[in-house]
Amino acid sequence: MTSETPNTSPSPEQIRRAPKALLHDHLDGGLRPGTIIELARESGYDGLPDAAAEGADRLDAWFRSAADSGSLERYLETFAHTCAVMQTREALIRVAAECAEDLAADGVVYAEVRFAPEQHLEKGLSLEEVVEAVNEGFREGERRARADGNRIRVGSLLTAMRHAARALEIAELANRYRDLGVVGFDIAGAEAGFPPTRHLDAFEFLKRENNHFTIHAGEGFGLPSIWQALQWCGADRLGHGVRIIDDIQVADDHSGEVTLGRLASYVRDKRIPLELCPSSNLQTGAAASYAEHPIGLLRKLHFRATVNTDNRLMSGTSMSNEFEHLVKTFRYTLDDMQWFTVNAMKSAFIPFDERLAMINEVIKPGYAELKAEWLFQASPSERR
Ligand SMILES: O=c1[nH]cnc2c1ncn2[C@@H]1O[C@H](CO)[C@@H](O)[C@H]1O
Ligand SMILES: [Zn+2]
(Lines give C-alpha, C1' and ligand atoms only; values in the text may rest on other atoms or scores of the structure.)
(Ligands and ions follow the chains in the order given, each with its own letter.)
Protein backbone atom coordinates (compact mmCIF):
# COMPACT_ATOMS: atom_id res chain seq x y z
CA MET A 1 0.00 0.00 0.00
CA THR A 2 1.17 3.45 -0.78
CA SER A 3 0.84 6.29 1.66
CA GLU A 4 0.86 9.03 -0.93
CA THR A 5 -2.11 11.35 -0.85
CA PRO A 6 -4.06 11.53 -4.09
CA ASN A 7 -3.53 14.58 -6.23
CA THR A 8 -6.48 14.15 -8.53
CA SER A 9 -8.68 16.67 -10.28
CA PRO A 10 -11.38 18.24 -8.12
CA SER A 11 -15.04 17.47 -8.85
CA PRO A 12 -17.34 20.29 -10.09
CA GLU A 13 -18.87 20.37 -6.64
CA GLN A 14 -15.46 20.79 -4.98
CA ILE A 15 -14.56 23.49 -7.49
CA ARG A 16 -17.68 25.40 -6.50
CA ARG A 17 -16.93 25.11 -2.79
CA ALA A 18 -13.25 26.04 -3.16
CA PRO A 19 -12.53 29.62 -2.11
CA LYS A 20 -11.88 31.73 -5.20
CA ALA A 21 -10.59 35.26 -5.79
CA LEU A 22 -11.72 37.32 -8.79
CA LEU A 23 -9.92 40.41 -10.07
CA HIS A 24 -11.57 40.97 -13.44
CA ASP A 25 -15.35 41.02 -13.63
CA HIS A 26 -17.54 43.73 -15.24
CA LEU A 27 -20.65 44.76 -13.35
CA ASP A 28 -22.46 45.53 -16.60
CA GLY A 29 -21.35 42.16 -17.99
CA GLY A 30 -22.82 40.06 -15.20
CA LEU A 31 -26.52 40.88 -14.86
CA ARG A 32 -29.08 38.13 -14.34
CA PRO A 33 -31.12 37.92 -17.59
CA GLY A 34 -34.36 38.01 -15.58
CA THR A 35 -33.24 41.24 -13.93
CA ILE A 36 -32.54 42.84 -17.32
CA ILE A 37 -36.09 42.04 -18.45
CA GLU A 38 -37.63 43.42 -15.24
CA LEU A 39 -35.52 46.57 -15.22
CA ALA A 40 -36.29 47.20 -18.90
CA ARG A 41 -40.01 46.89 -18.18
CA GLU A 42 -39.81 49.20 -15.15
CA SER A 43 -37.76 51.84 -16.95
CA GLY A 44 -39.56 51.69 -20.29
CA TYR A 45 -36.45 50.62 -22.23
CA ASP A 46 -37.80 49.05 -25.41
CA GLY A 47 -34.51 48.35 -27.17
CA LEU A 48 -33.97 44.78 -25.92
CA PRO A 49 -33.58 42.15 -28.65
CA ASP A 50 -36.71 40.16 -29.60
CA ALA A 51 -35.40 37.18 -27.64
CA ALA A 52 -36.27 39.03 -24.42
CA ALA A 53 -39.98 38.62 -25.20
CA GLU A 54 -39.49 34.84 -25.01
CA GLY A 55 -38.12 34.94 -21.48
CA ALA A 56 -34.94 35.04 -19.46
CA ASP A 57 -33.44 31.83 -20.85
CA ARG A 58 -33.78 32.99 -24.42
CA LEU A 59 -32.28 36.37 -23.57
CA ASP A 60 -29.43 34.61 -21.79
CA ALA A 61 -28.71 32.58 -24.94
CA TRP A 62 -28.98 35.71 -27.10
CA PHE A 63 -26.25 37.49 -25.12
CA ARG A 64 -23.95 34.52 -25.40
CA SER A 65 -24.34 34.11 -29.13
CA ALA A 66 -24.24 37.86 -29.88
CA ALA A 67 -20.98 38.08 -27.93
CA ASP A 68 -19.61 35.04 -29.71
CA SER A 69 -18.55 37.08 -32.70
CA GLY A 70 -14.79 36.62 -32.84
CA SER A 71 -14.20 40.35 -32.52
CA LEU A 72 -13.85 42.55 -29.44
CA GLU A 73 -15.77 45.39 -31.12
CA ARG A 74 -18.86 43.22 -31.83
CA TYR A 75 -18.61 41.67 -28.38
CA LEU A 76 -18.76 45.13 -26.82
CA GLU A 77 -21.96 46.06 -28.69
CA THR A 78 -24.00 43.85 -26.37
CA PHE A 79 -23.25 46.15 -23.42
CA ALA A 80 -25.62 48.79 -24.84
CA HIS A 81 -28.52 46.75 -23.44
CA THR A 82 -27.13 46.15 -19.97
CA CYS A 83 -26.04 49.76 -19.56
CA ALA A 84 -29.46 50.93 -20.77
CA VAL A 85 -31.15 49.35 -17.76
CA MET A 86 -28.52 50.54 -15.25
CA GLN A 87 -29.41 54.24 -15.17
CA THR A 88 -31.08 54.76 -11.80
CA ARG A 89 -29.90 54.49 -8.25
CA GLU A 90 -32.32 51.63 -7.53
CA ALA A 91 -31.27 49.68 -10.62
CA LEU A 92 -27.57 50.05 -9.80
CA ILE A 93 -28.12 48.96 -6.20
CA ARG A 94 -30.06 45.92 -7.36
CA VAL A 95 -27.53 44.86 -10.00
CA ALA A 96 -24.59 45.29 -7.61
CA ALA A 97 -26.31 43.42 -4.78
CA GLU A 98 -27.18 40.51 -7.07
CA CYS A 99 -23.63 40.48 -8.40
CA ALA A 100 -22.15 40.07 -4.91
CA GLU A 101 -24.78 37.48 -4.05
CA ASP A 102 -24.14 35.42 -7.20
CA LEU A 103 -20.37 35.51 -6.79
CA ALA A 104 -20.62 34.46 -3.14
CA ALA A 105 -22.93 31.58 -4.01
CA ASP A 106 -20.27 30.44 -6.48
CA GLY A 107 -17.60 30.32 -3.75
CA VAL A 108 -15.90 33.63 -4.55
CA VAL A 109 -14.53 35.08 -1.29
CA TYR A 110 -12.88 38.17 -2.74
CA ALA A 111 -13.85 40.12 -5.85
CA GLU A 112 -12.91 43.37 -7.53
CA VAL A 113 -15.79 44.31 -9.80
CA ARG A 114 -15.43 47.09 -12.37
CA PHE A 115 -17.84 49.43 -14.10
CA ALA A 116 -17.61 52.71 -16.01
CA PRO A 117 -19.47 55.45 -14.08
CA GLU A 118 -19.63 57.59 -17.26
CA GLN A 119 -21.96 55.00 -18.83
CA HIS A 120 -24.65 55.42 -16.18
CA LEU A 121 -25.48 59.13 -16.44
CA GLU A 122 -28.29 59.01 -19.04
CA LYS A 123 -31.08 59.67 -16.54
CA GLY A 124 -29.38 62.41 -14.61
CA LEU A 125 -27.29 60.61 -11.99
CA SER A 126 -23.96 62.25 -11.16
CA LEU A 127 -20.71 60.28 -11.28
CA GLU A 128 -20.65 60.32 -7.47
CA GLU A 129 -24.22 59.02 -7.23
CA VAL A 130 -23.35 56.14 -9.54
CA VAL A 131 -20.37 55.11 -7.42
CA GLU A 132 -22.32 55.43 -4.19
CA ALA A 133 -25.24 53.37 -5.50
CA VAL A 134 -23.00 50.56 -6.71
CA ASN A 135 -21.09 50.47 -3.44
CA GLU A 136 -24.34 50.43 -1.49
CA GLY A 137 -25.45 47.49 -3.62
CA PHE A 138 -22.24 45.59 -2.93
CA ARG A 139 -22.67 46.10 0.83
CA GLU A 140 -26.25 44.85 0.55
CA GLY A 141 -25.09 41.81 -1.47
CA GLU A 142 -22.39 41.03 1.10
CA ARG A 143 -25.08 41.10 3.82
CA ARG A 144 -27.40 38.82 1.85
CA ALA A 145 -24.50 36.43 1.20
CA ARG A 146 -23.77 36.29 4.93
CA ALA A 147 -27.42 35.52 5.63
CA ASP A 148 -27.08 32.59 3.19
CA GLY A 149 -23.98 31.32 4.97
CA ASN A 150 -21.52 32.62 2.34
CA ARG A 151 -18.64 35.02 2.82
CA ILE A 152 -17.53 37.56 0.27
CA ARG A 153 -15.77 40.87 0.18
CA VAL A 154 -16.27 43.05 -2.89
CA GLY A 155 -14.29 46.14 -3.95
CA SER A 156 -15.07 48.46 -6.87
CA LEU A 157 -12.74 49.35 -9.71
CA LEU A 158 -13.72 52.47 -11.64
CA THR A 159 -13.28 52.08 -15.39
CA ALA A 160 -12.80 54.88 -17.90
CA MET A 161 -13.71 54.14 -21.52
CA ARG A 162 -10.65 54.33 -23.72
CA HIS A 163 -12.44 55.88 -26.73
CA ALA A 164 -13.81 58.70 -24.54
CA ALA A 165 -11.97 61.58 -22.88
CA ARG A 166 -12.97 61.38 -19.23
CA ALA A 167 -10.13 59.26 -17.87
CA LEU A 168 -8.63 61.95 -15.62
CA GLU A 169 -12.03 62.80 -14.20
CA ILE A 170 -12.72 59.12 -13.45
CA ALA A 171 -9.24 58.68 -11.97
CA GLU A 172 -9.94 61.61 -9.64
CA LEU A 173 -13.24 60.01 -8.73
CA ALA A 174 -11.49 56.73 -7.92
CA ASN A 175 -9.08 58.63 -5.73
CA ARG A 176 -11.86 60.46 -3.90
CA TYR A 177 -13.72 57.23 -3.15
CA ARG A 178 -10.62 55.41 -2.09
CA ASP A 179 -11.19 53.75 1.29
CA LEU A 180 -14.91 54.17 0.61
CA GLY A 181 -15.33 50.99 -1.39
CA VAL A 182 -13.26 51.84 -4.48
CA VAL A 183 -9.95 49.99 -4.65
CA GLY A 184 -8.57 51.08 -8.01
CA PHE A 185 -8.95 52.24 -11.61
CA ASP A 186 -9.05 50.65 -15.08
CA ILE A 187 -9.52 51.53 -18.72
CA ALA A 188 -11.61 49.36 -21.06
CA GLY A 189 -13.33 49.39 -24.43
CA ALA A 190 -12.06 48.75 -27.95
CA GLU A 191 -8.28 48.39 -27.90
CA ALA A 192 -7.14 48.73 -31.50
CA GLY A 193 -6.79 52.43 -32.36
CA PHE A 194 -7.15 53.56 -28.75
CA PRO A 195 -3.75 53.16 -27.10
CA PRO A 196 -3.62 53.60 -23.32
CA THR A 197 -1.15 56.48 -23.74
CA ARG A 198 -4.14 58.67 -24.71
CA HIS A 199 -4.87 58.71 -20.98
CA LEU A 200 -1.40 59.31 -19.58
CA ASP A 201 -2.62 62.23 -17.47
CA ALA A 202 -4.97 59.91 -15.58
CA PHE A 203 -2.25 57.35 -14.89
CA GLU A 204 0.27 59.97 -13.85
CA PHE A 205 -2.26 61.47 -11.47
CA LEU A 206 -2.92 58.07 -9.86
CA LYS A 207 0.79 57.37 -9.51
CA ARG A 208 1.33 60.69 -7.77
CA GLU A 209 -1.50 59.73 -5.42
CA ASN A 210 0.05 56.31 -4.72
CA ASN A 211 -3.11 54.70 -6.10
CA HIS A 212 -3.57 51.45 -8.02
CA PHE A 213 -4.68 50.71 -11.58
CA THR A 214 -4.99 47.98 -14.11
CA ILE A 215 -5.29 48.42 -17.88
CA HIS A 216 -7.12 46.25 -20.42
CA ALA A 217 -4.23 45.39 -22.74
CA GLY A 218 -3.10 42.51 -24.90
CA GLU A 219 -6.61 41.28 -25.68
CA GLY A 220 -7.84 42.83 -28.92
CA PHE A 221 -4.34 44.02 -29.76
CA GLY A 222 -0.89 42.62 -29.09
CA LEU A 223 2.50 43.39 -27.61
CA PRO A 224 2.66 47.17 -28.31
CA SER A 225 -0.44 47.60 -26.20
CA ILE A 226 1.02 45.61 -23.30
CA TRP A 227 4.30 47.48 -23.60
CA GLN A 228 2.57 50.85 -23.47
CA ALA A 229 0.36 49.82 -20.55
CA LEU A 230 3.43 48.83 -18.52
CA GLN A 231 6.26 51.06 -19.63
CA TRP A 232 4.43 54.28 -20.49
CA CYS A 233 1.44 54.11 -18.20
CA GLY A 234 2.84 52.10 -15.29
CA ALA A 235 -0.03 49.65 -14.87
CA ASP A 236 0.06 47.49 -11.72
CA ARG A 237 -1.75 44.66 -13.51
CA LEU A 238 -2.77 43.71 -17.05
CA GLY A 239 -6.44 43.22 -17.87
CA HIS A 240 -6.08 40.03 -19.97
CA GLY A 241 -2.46 40.45 -21.12
CA VAL A 242 -2.98 37.12 -22.85
CA ARG A 243 -1.13 38.19 -26.01
CA ILE A 244 2.12 38.27 -24.04
CA ILE A 245 2.32 34.80 -25.57
CA ASP A 246 3.45 36.54 -28.82
CA ASP A 247 6.75 37.26 -27.05
CA ILE A 248 7.31 33.63 -26.01
CA GLN A 249 8.88 31.18 -28.44
CA VAL A 250 8.56 27.44 -27.98
CA ALA A 251 10.95 25.43 -30.17
CA ASP A 252 9.00 23.01 -32.35
CA ASP A 253 11.70 20.37 -32.10
CA HIS A 254 11.86 17.67 -29.42
CA SER A 255 13.49 19.98 -26.91
CA GLY A 256 10.42 22.22 -26.66
CA GLU A 257 12.83 24.84 -25.39
CA VAL A 258 11.14 28.07 -24.32
CA THR A 259 12.61 31.51 -25.03
CA LEU A 260 11.15 34.67 -23.54
CA GLY A 261 11.54 38.02 -25.28
CA ARG A 262 12.41 41.14 -23.31
CA LEU A 263 8.81 42.12 -22.61
CA ALA A 264 7.69 38.65 -21.55
CA SER A 265 10.77 38.39 -19.31
CA TYR A 266 9.93 41.72 -17.74
CA VAL A 267 6.35 40.67 -17.07
CA ARG A 268 7.47 37.44 -15.44
CA ASP A 269 10.45 38.89 -13.54
CA LYS A 270 8.43 41.77 -12.13
CA ARG A 271 5.56 39.43 -11.22
CA ILE A 272 3.07 41.53 -13.22
CA PRO A 273 -0.34 39.96 -12.62
CA LEU A 274 -2.17 38.75 -15.73
CA GLU A 275 -5.95 38.89 -15.37
CA LEU A 276 -6.66 36.00 -17.73
CA CYS A 277 -10.24 35.37 -18.85
CA PRO A 278 -10.28 32.14 -20.89
CA SER A 279 -13.93 31.95 -22.02
CA SER A 280 -14.06 35.63 -22.94
CA ASN A 281 -10.90 35.21 -25.03
CA LEU A 282 -12.51 32.40 -27.04
CA GLN A 283 -15.41 34.71 -27.88
CA THR A 284 -13.31 37.69 -28.95
CA GLY A 285 -10.86 35.56 -30.90
CA ALA A 286 -7.83 36.06 -28.63
CA ALA A 287 -7.55 32.26 -28.31
CA ALA A 288 -8.93 29.40 -30.44
CA SER A 289 -9.78 26.81 -27.77
CA TYR A 290 -9.27 26.11 -24.08
CA ALA A 291 -6.51 23.64 -24.97
CA GLU A 292 -4.70 26.29 -27.00
CA HIS A 293 -5.27 29.05 -24.46
CA PRO A 294 -1.91 30.49 -23.32
CA ILE A 295 -2.88 30.01 -19.67
CA GLY A 296 -1.53 26.44 -19.84
CA LEU A 297 1.96 27.58 -20.82
CA LEU A 298 1.90 30.71 -18.66
CA ARG A 299 1.08 28.61 -15.60
CA LYS A 300 3.93 26.21 -16.40
CA LEU A 301 6.34 29.11 -16.80
CA HIS A 302 5.23 30.59 -13.47
CA PHE A 303 3.92 33.88 -14.74
CA ARG A 304 1.67 35.50 -12.15
CA ALA A 305 -1.44 34.17 -13.89
CA THR A 306 -4.93 34.55 -12.45
CA VAL A 307 -8.28 33.14 -13.59
CA ASN A 308 -11.21 35.50 -14.18
CA THR A 309 -14.71 35.67 -15.62
CA ASP A 310 -14.65 39.04 -17.45
CA ASN A 311 -18.37 39.01 -18.34
CA ARG A 312 -20.45 36.27 -16.76
CA LEU A 313 -23.55 37.11 -18.81
CA MET A 314 -21.91 37.43 -22.24
CA SER A 315 -19.79 34.32 -21.70
CA GLY A 316 -22.42 32.33 -19.80
CA THR A 317 -19.78 31.65 -17.20
CA SER A 318 -18.80 31.80 -13.53
CA MET A 319 -15.53 31.35 -11.66
CA SER A 320 -16.41 27.69 -11.08
CA ASN A 321 -17.15 27.25 -14.76
CA GLU A 322 -13.81 28.78 -15.77
CA PHE A 323 -11.99 26.42 -13.41
CA GLU A 324 -14.03 23.43 -14.61
CA HIS A 325 -12.83 24.07 -18.16
CA LEU A 326 -9.23 24.42 -17.00
CA VAL A 327 -9.37 21.33 -14.79
CA LYS A 328 -10.77 19.32 -17.69
CA THR A 329 -8.32 20.70 -20.24
CA PHE A 330 -5.08 20.80 -18.25
CA ARG A 331 -5.91 18.19 -15.57
CA TYR A 332 -5.41 20.81 -12.89
CA THR A 333 -5.60 19.72 -9.25
CA LEU A 334 -6.67 21.55 -6.10
CA ASP A 335 -3.02 22.62 -5.75
CA ASP A 336 -3.21 24.34 -9.14
CA MET A 337 -6.48 26.03 -8.19
CA GLN A 338 -4.94 27.22 -4.95
CA TRP A 339 -1.92 28.54 -6.86
CA PHE A 340 -4.13 30.65 -9.17
CA THR A 341 -6.20 31.83 -6.21
CA VAL A 342 -3.21 32.85 -4.11
CA ASN A 343 -1.78 34.62 -7.18
CA ALA A 344 -5.01 36.61 -7.47
CA MET A 345 -5.10 37.46 -3.80
CA LYS A 346 -1.45 38.58 -3.84
CA SER A 347 -2.33 40.87 -6.73
CA ALA A 348 -5.45 42.42 -5.21
CA PHE A 349 -5.56 46.18 -4.62
CA ILE A 350 -6.51 46.02 -0.91
CA PRO A 351 -3.82 46.54 1.76
CA PHE A 352 -1.09 43.92 2.17
CA ASP A 353 -2.12 42.82 5.66
CA GLU A 354 -5.67 42.15 4.49
CA ARG A 355 -4.44 40.18 1.47
CA LEU A 356 -2.20 38.11 3.67
CA ALA A 357 -4.99 37.39 6.14
CA MET A 358 -7.27 36.38 3.27
CA ILE A 359 -4.60 33.97 1.99
CA ASN A 360 -3.67 32.51 5.37
CA GLU A 361 -7.02 32.52 7.16
CA VAL A 362 -9.46 31.86 4.33
CA ILE A 363 -7.87 30.52 1.14
CA LYS A 364 -5.26 28.09 2.45
CA PRO A 365 -7.53 26.57 5.14
CA GLY A 366 -10.30 26.24 2.53
CA TYR A 367 -8.08 24.26 0.18
CA ALA A 368 -6.60 22.22 3.03
CA GLU A 369 -10.09 21.13 4.00
CA LEU A 370 -10.95 20.14 0.42
CA LYS A 371 -7.65 18.32 0.01
CA ALA A 372 -8.40 16.24 3.12
CA GLU A 373 -11.84 15.12 1.98
CA TRP A 374 -10.62 11.89 0.40
CA LEU A 375 -9.65 10.68 3.89
CA PHE A 376 -13.26 10.60 5.00
CA GLN A 377 -14.93 9.06 2.01
CA ALA A 378 -17.31 6.19 2.70
CA SER A 379 -15.44 3.15 1.44
CA PRO A 380 -11.72 2.44 1.05
CA SER A 381 -12.15 1.95 -2.71
CA GLU A 382 -13.57 5.45 -3.10
CA ARG A 383 -10.60 6.91 -1.33
CA ARG A 384 -8.34 6.60 -4.33
O1 LIG B 1 -13.02 42.23 -22.35
C2 LIG B 1 -13.23 43.44 -22.46
N3 LIG B 1 -12.34 44.23 -23.10
C4 LIG B 1 -12.49 45.57 -23.21
N5 LIG B 1 -13.55 46.21 -22.71
C6 LIG B 1 -14.48 45.48 -22.08
C7 LIG B 1 -14.38 44.09 -21.93
N8 LIG B 1 -15.46 43.66 -21.28
C9 LIG B 1 -16.22 44.74 -21.04
N10 LIG B 1 -15.64 45.84 -21.52
C11 LIG B 1 -16.15 47.21 -21.49
O12 LIG B 1 -16.04 47.73 -20.18
C13 LIG B 1 -17.18 48.52 -19.89
C14 LIG B 1 -17.30 48.78 -18.41
O15 LIG B 1 -17.53 47.63 -17.67
C16 LIG B 1 -18.29 47.74 -20.57
O17 LIG B 1 -19.43 48.53 -20.78
C18 LIG B 1 -17.63 47.29 -21.85
O19 LIG B 1 -17.79 48.30 -22.84
ZN1 LIG C 1 -12.66 43.05 -19.25
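Look up: the structure comes first, before these words.
Right, let's walk through the structure included here. (Residues numbered from 1 in each chain as written. Chains lettered and ligands numbered in written order. Predicted model: local features only at pLDDT ≥ 70, side-chain atom pairs only at ≥ 80, totals over all residues. Heavy atoms only, no water.)

1. Side note on the pairing of strand E5 (residues 213-217)
Okay, step 1: Among the 5 residues that make up E5, 5 are buried, leaving the element largely enclosed by the rest of the structure.
Okay, step 2: Sheet topology note: the strand E4 (residues 182-188)/E5 ladder contains 3 bridges and is parallel. Residue pairing in the sheet places Phe185 in a bridge with Phe213 of E5.
Okay, step 3: What joins E4 to E5 is helix H9 (residues 200-208), and the crossover it makes is right-handed.
Okay, step 4: Direction of pairing for E5 relative to strand E6 (residues 237-240): parallel, over a ladder of 4 bridges. Pairing of Ile215 across the sheet is with Leu238, part of E6.
Okay, step 5: Read as a crossover between parallel neighbours, the route from E5 over helix H10 (residues 223-232) to E6 is right-handed. (Buried < 20%, exposed > 50% of the residue type's maximum accessible area, 1.4 Å probe, protein only. Helix = DSSP H or I, 4+ residues; strand = E, 2+ residues; numbered from the N terminus. Pairing = 2+ DSSP bridges. Right-handed = clockwise from strand over helix to strand, strands pointing away.)

2. Some details on the pattern of salt bridges
Okay, step 1: What the rule picks out here adds up to 25 salt bridges.
Okay, step 2: Here Arg17 makes a salt bridge to Glu373, at a shortest N to O gap of 2.9 Å. Of the two residues, Arg17 sits in helix H1 (residues 12-17) while Glu373 sits in the segment after helix H16 (352-371), which places them 356 residues apart along the sequence.
Okay, step 3: One salt bridge connects Arg176 with Glu128, and the closest N-O pair in it is separated by 2.7 Å. Taken together, the residues Arg176 in helix H8 (residues 167-176) and Glu128 in helix H7 (residues 127-147) connect sequence positions 48 residues apart.
Okay, step 4: Take Arg176: its relative accessible area is 46%, and that puts it in the partly exposed class.
Okay, step 5: For Glu128, a relative accessible area of 27% corresponds to the partly exposed category.
Okay, step 6: Connected through shared salt-bridge partners, Arg32, Glu38, Arg94, Glu98, Glu101, Asp102, Glu140, Arg143 and Arg144 make up one network. (Salt bridge = Lys/Arg side-chain N within 4 Å of Asp/Glu carboxyl O.)

3. Concerning the coordination of the zinc ion (ligand 2)
The reference angle at a metal is 109.5 degrees if four donors form a tetrahedron and 90 or 180 degrees if six donors form an octahedron.
Okay, step 1: Taken together, the protein ligands of the zinc ion (ligand 2) are His24 (NE2), His26 (NE2), His216 (NE2) and Asp310 (OD), with distances of 2.1 to 2.2 Å.
Okay, step 2: What the 4 donor atoms of the zinc ion (ligand 2) show is an angle range of 84 to 173° at the metal, which sorts the shape as irregular.
Okay, step 3: Within one chain, the residues donating to the zinc ion (ligand 2) are spaced in sequence as H-x1-H-x189-H-x93-D. Here Asp310 lies in the loop between strand E10 (305-307) and helix H14 (319-330) and His26 lies in strand E1 (residues 20-26), a separation of 284 residues in the sequence. Here His26 matches Asp310 in class, with each residue buried. (Donors = N, O, S within 2.8 Å, 3.2 Å for Na, K, Ca; no water. Tetrahedral: all angles 85-135°; square planar, octahedral: opposite > 155°, others 65-115°.)

4. Focus on the site of ligand 1
Okay, step 1: Around ligand 1 sit 15 residues in total, of which His26, Asp28, Gln119, Glu219 and Asp310 are the nearest.
Okay, step 2: Measuring from a nitrogen atom of ligand 1, one finds a side-chain N or O atom of Asn311 at 3.0 Å.
Okay, step 3: Computed on the free molecule, ligand 1 has an accessible area of 420 Å², of which 98% lies beneath the protein chains in the complex. (Near = heavy atom within 4 Å. Polar contact = N/O pair within 3.5 Å; in protein donor to acceptor, adjacent residues only side chain to side chain. Areas by Shrake-Rupley, 256 points an atom, 1.4 Å probe, with all protein chains shown as cover.)

5. Notes on the sheet that holds strand E3 (residues 153-161)
Okay, step 1: The strand order across the open sheet built from 8 strands is E1-E2-E3-E4-E5-E6-E9-E10, with neighbouring strands paired in parallel fashion. With partners counted over all chains shown, the strands left at the sheet margins are E1 and E10, one partner each. Put simply, the sheet's adjacent strands are angled 25° from each other on average, direction ignored. (Axes fitted to C-alpha atoms, helices over the stretch in contact; angles between N-to-C directions.)

6. With respect to the side chain of Ser279
Okay, step 1: Relative to the elements of secondary structure, Ser279 occurs in helix H12 (residues 278-284).
Okay, step 2: Among the residues examined, Ser279 registers a relative accessible area of 5% and is labelled buried.
Okay, step 3: Reaching out from Ser279, the side chain makes a polar contact with the side chain of Glu322 at a distance of 2.6 Å.
Okay, step 4: Setting aside its immediate chain neighbours within four residues, Ser279 contacts Tyr290, Ser315, Thr317, Glu322 and His325. (Contact = heavy atoms within 4.5 Å.)

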